[in-house]
Amino acid sequence: MNKLTIKGNWNEVQGKLKQKYAQLTDDDLAYVEGKDDELLGRLQKKLGKAQDEVRKIIAIFSLLPIYAKLYADRRAGVHPPPAAATIIL
């Protein structure tokens, strides 16, 4: 699929990506709705990775806060009802 799906807050994802990849700038991470290919191209060039790998990196960083909350809730004994999740890479 060509559509890039970002779960959660893009600003939070940007911060995490900049922590992991210090060479990324705000301009590199500028996201404009409908211009997914431009974002992926900038990141691919800057990180020296294949486009599929860049998609996976974004997916991982966008899902981390969701999984962290689920983990914390489980440790606290809170068990949310199961939900279906779709990740488009």
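Refer to the structure presented above.
Residues numbered from 1 in each chain as written. Predicted model: local features only at pLDDT ≥ 70, side-chain atom pairs only at ≥ 80, totals over all residues. Heavy atoms only, no water.

**Regarding the overall build of the protein chain**
Across its full length, the protein chain holds three helices and zero strands. In sequence order, the protein chain lays out its α and β elements as α-α-α. Buried residues in the protein chain amount to 26% of all 89 residues. Considering only residue pairs separated by 6 or more positions, the protein chain has 51% of its internal contacts joining residues 24 or more positions apart. When the accessible surface of the protein chain is totalled, it reaches about 6200 Å², and 54% of it is carbon and sulfur. (Helix = DSSP H or I, 4+ residues; strand = E, 2+ residues; numbered from the N terminus. Buried < 20%, exposed > 50% of the residue type's maximum accessible area, 1.4 Å probe, protein only. Contact = heavy atoms within 4.5 Å. Areas by Shrake-Rupley, 256 points an atom, 1.4 Å probe, with all protein chains shown as cover.)

**Side note on helix H3 (residues 51-75)**
With 25 residues, H3 extends 36 Å from end C-alpha to end C-alpha; this agrees with the ideal 36 Å at 1.5 Å per step. When the local axis directions of H3 are compared, the greatest deviation, roughly 35°, occurs at Leu64, which is followed within four positions by the proline Pro65. For H3, the full list of buried residues reads Val54, Arg55, Ile57, Ile58, Ala59, Phe61, Ser62, Leu63 and Asp73. Elements that come into contact with the buried residues of H3 comprise helix H1 (10-20) and helix H2 (36-47). Once H3 ends, the next one or two residues include Gly77, with phi positive near 90°. (Expected span 1.5 Å × (residues − 1). Bend = angle between axes of the 7 residues up to and from the residue.)

**Looking at the packing of aromatic side chains**
Going through the model one piece at a time under the given rule, you end up with one aromatic pair. Considering the side-chain rings of Trp10 and Tyr31, the 5.9 Å spacing of their centres and the 55° angle between planes classify their relative orientation as tilted. Linking Trp10 in helix H1 with Tyr31 in the loop between H1 and H2, this pair joins segments that are 21 residues apart in sequence. The partly exposed category is assigned to Tyr31, whose relative accessible area is 25%. (Phe/Tyr/Trp six-rings, centres within 6.5 Å; stacked < 30°, edge-to-face > 60°.)

**Observations regarding H2**
Taking 1.5 Å of rise per residue, twelve residues should cover 16 Å, and H2 covers 16 Å from first to last C-alpha, within 8% of that figure. What H2 keeps buried is the set Asp36, Leu39, Leu40, Leu43 and Leu47. Looking down the long axis of H2, one finds its buried residues gathered within 95° of arc, a one-sided arrangement. Looking at H2, the residues exposed on the side facing more than 90 degrees away from the buried face are Asp37 and Lys45. Looking at the buried residues of H2, the elements they touch are H1 and H3. In the segment just after H2, Gly48 is the residue with positive phi, at about 70°. (Arc of directions from axis to C-beta.)

**A closer look at the nonpolar core**
Among the nonpolar cores identified, the biggest contains 14 residues, and Trp10, Leu17, Tyr21, Leu24 and Leu43 are the most heavily contacted of them. Secondary structure elements with two or more residues in this core: H1, H2 and H3. Filtering out sequence-adjacent residues up to four positions away, Leu17 remains in contact with Trp10, Leu24, Leu29, Ile57 and Phe61. (Core = buried A, V, L, I, M, F, W, Y, C linked by side-chain atoms within 4.5 Å.)

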